[in-house]
Amino acid sequence: MDTLQVVIEFIGTFAFAISGIRQAAAKKFDWFGGFVCGFAVAIGGGTLRDVMLGLTPFWMTSASYITCTIFAQLVVIVFTKHMKRLDNAWMIFDTLGLALFTIVGLQKTLACGHPFWVAIIMGCMTGAAGGVIRDVLLNNVPVIFKKEIYAMASIVGGLAYWALTIAHINAVWASITTFFVVCAIRWLAIRYHISLPILRNEENEGEVKEDDNENIEE
């Protein structure tokens, strides 16, 4: 199980770094800017979690995350023309990373003696906050604040982990189940264009209706 987590965590980190670097490239950032965006996605959520828990940020104890981001940038630079074909693959890796980092955040917070509601928030932060930092750096509206179900998948996964723990399910099985819950929610949301309701007011009512019509057409 530990070996599997390490492998998937590395794949997730690589995918997160790729997403940040690719979006930086779309904004015509230079190589350093791309690295910063990729690194922000890879370590941003975990860093915020560790700081709030009073721990040394995890990436300061291992150079693997920096190495992974550098490798991701080299891949983007060398295979720029082929990146578009791999969009679906990066989405899958990104979802795997979200699921695993959610579990890591949950378990690390609980190990520090915090209650479960704090662990759920920290699990969500670990998986999703890096993307928020990336979008802020790129001057975009963070994806999790719009229609796409991303952070909510992490929260539901955290609730599932909580329920399984209350039912005295083994931690390994609880982790495996949570992993698949997060992945399933994310996949269903993308496959069937499921999203949360949009906040409405008199100024954006017309725009919201147009967006709804576009979603129906898709």
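Here the structure is a predicted model, which is why all the values come from computation and not from measurement. (Residues numbered from 1 in each chain as written. Predicted model: local features only at pLDDT ≥ 70, side-chain atom pairs only at ≥ 80, totals over all residues. Heavy atoms only, no water.)

Peer 1: Go over the overall build of the chain with me, naming the residues and quoting the values.
Peer 2: Across its full length, the chain carries eight helices and zero strands. In the chain, the succession of helices and strands from N to C terminus is α-α-α-α-α-α-α-α. The burial tally for the chain puts 42% of its 218 residues in the buried class. Of all intrachain contacts in the chain linking residues separated by at least 6 positions in sequence, the fraction that spans at least 24 positions is 71%. Carbon and sulfur atoms make up 67% of the accessible area of the chain, which totals about 12300 Å². (Helix = DSSP H or I, 4+ residues; strand = E, 2+ residues; numbered from the N terminus. Buried < 20%, exposed > 50% of the residue type's maximum accessible area, 1.4 Å probe, protein only. Contact = heavy atoms within 4.5 Å. Areas by Shrake-Rupley, 256 points an atom, 1.4 Å probe, with all protein chains shown as cover.)

Peer 1: Please set out the layout of surface pockets residue by residue, giving values where relevant.
Peer 2: Here the second largest pocket defines a volume of roughly 230 Å³. Along the walls of the second largest pocket sit 17 residues, with E9, R49, F58, Y65 and V104 positioned nearest its centre. Residue assignment for the lining of the second largest pocket shows that the elements contributing at least two residues are helix 1 (2-26), helix 2 (31-52) and helix 4 (87-111). The element that contributes the greatest number of residues to the lining of the second largest pocket is helix 2, accounting for seven residues. (1 Å grid on protein atoms, 1.4 Å probe; cavity = no way out; pocket = protein on both sides within 12 Å on 5 of 7 lines; lining within 4 Å. Points joined across faces, edges and corners; volume = space filled by probe spheres on them.)

Peer 1: Account for a nonpolar patch on the surface, naming residues and giving values.
Peer 2: There is a patch of nonpolar side chains on the surface, built from W31, I66, I70, L74, I77, V78 and F79 and spanning about 680 Å² of accessible area. Broken down by element, the nonpolar patch gets its largest block of residues, five residues, from helix 3 (residues 64-78). Position of W31 relative to the elements: it lies in helix 2. Given a relative accessible area of 63%, W31 falls into the exposed group. (Patch = residues over 30% accessible without salt bridge, like charges linked within 9 Å, V, L, I, M, F, W, Y side chains within 5 Å. Salt bridge = Lys/Arg side-chain N within 4 Å of Asp/Glu carboxyl O.)

Peer 1: Lay out the nonpolar core with the relevant residues and their values.
Peer 2: Core analysis: the largest hydrophobic core is formed by 15 residues, its most contacted members being F16, L98, A99, Y150, F179 and V182. Every element with two or more residues in this core is listed here: helix 4, helix 5 (116-137), helix 6 (151-166) and helix 7 (171-191). In terms of residue count, the dominant contributor to this core is helix 4 (five residues). When neighbours within four sequence positions are excluded, Y150 is seen to be in contact with F16, D94, L98, G127, A128, I144 and R186. Core analysis: the second largest hydrophobic core is formed by nine residues, F14, A17, I18 and M83 among them. (Core = buried A, V, L, I, M, F, W, Y, C linked by side-chain atoms within 4.5 Å.)

Peer 1: Describe the side chain of R134, and please don't skip the residues or the numbers.
Peer 2: In this fold, R134 is placed in helix 5. For R134, a relative accessible area of 9% puts it in the buried group. Look past the residues within four positions of R134 in its chain and what remains in contact with it is S19, G20, Q23, C37, V41 and V143.

Peer 1: I'd like a description of the UniProt feature "transmembrane region" (unreviewed entry) in the chain, backed by residues and values.
Peer 2: Under the present numbering, the feature "transmembrane region" (unreviewed entry) in UniProt falls on residues 6-25, 32-52, 58-79, 91-110, 116-137, 149-166 and 172-190. Split by type, residues 32-52 is 100% helix and 0% strand. Its first and last C-alpha atoms lie 28 Å apart. The distance from the first to the last C-alpha atom of residues 149-166 is 26 Å, and the span holds 89% helix and 0% strand. (UniProt positions renumbered as here; feature names shortened; annotations may be inferred.)

Peer 1: Outline the pattern of salt bridges, supporting the account with residue identities and numerical values.
Peer 2: One side chain can pair with another of opposite charge once the charged atoms of both are near each other. All chains considered together, the criterion is met by three salt bridges. We note a salt bridge from K108 to D50, for which the minimum N-O separation is 3.1 Å. Of the two residues, K108 is situated in helix 4 and D50 in helix 2; the sequence distance between them amounts to 58 residues. On the accessibility criterion, K108 (25% relative accessible area) is partly exposed. Taking relative accessible area as the criterion, D50 reaches 0% and is therefore assigned buried. Residues D135 and R134 are paired through a salt bridge, measuring 3.1 Å at the closest nitrogen-oxygen approach. Each member of the pair, D135 as well as R134, is classed as buried. It is possible to trace a salt-bridge network through shared partners that takes in R49, D50 and K108.

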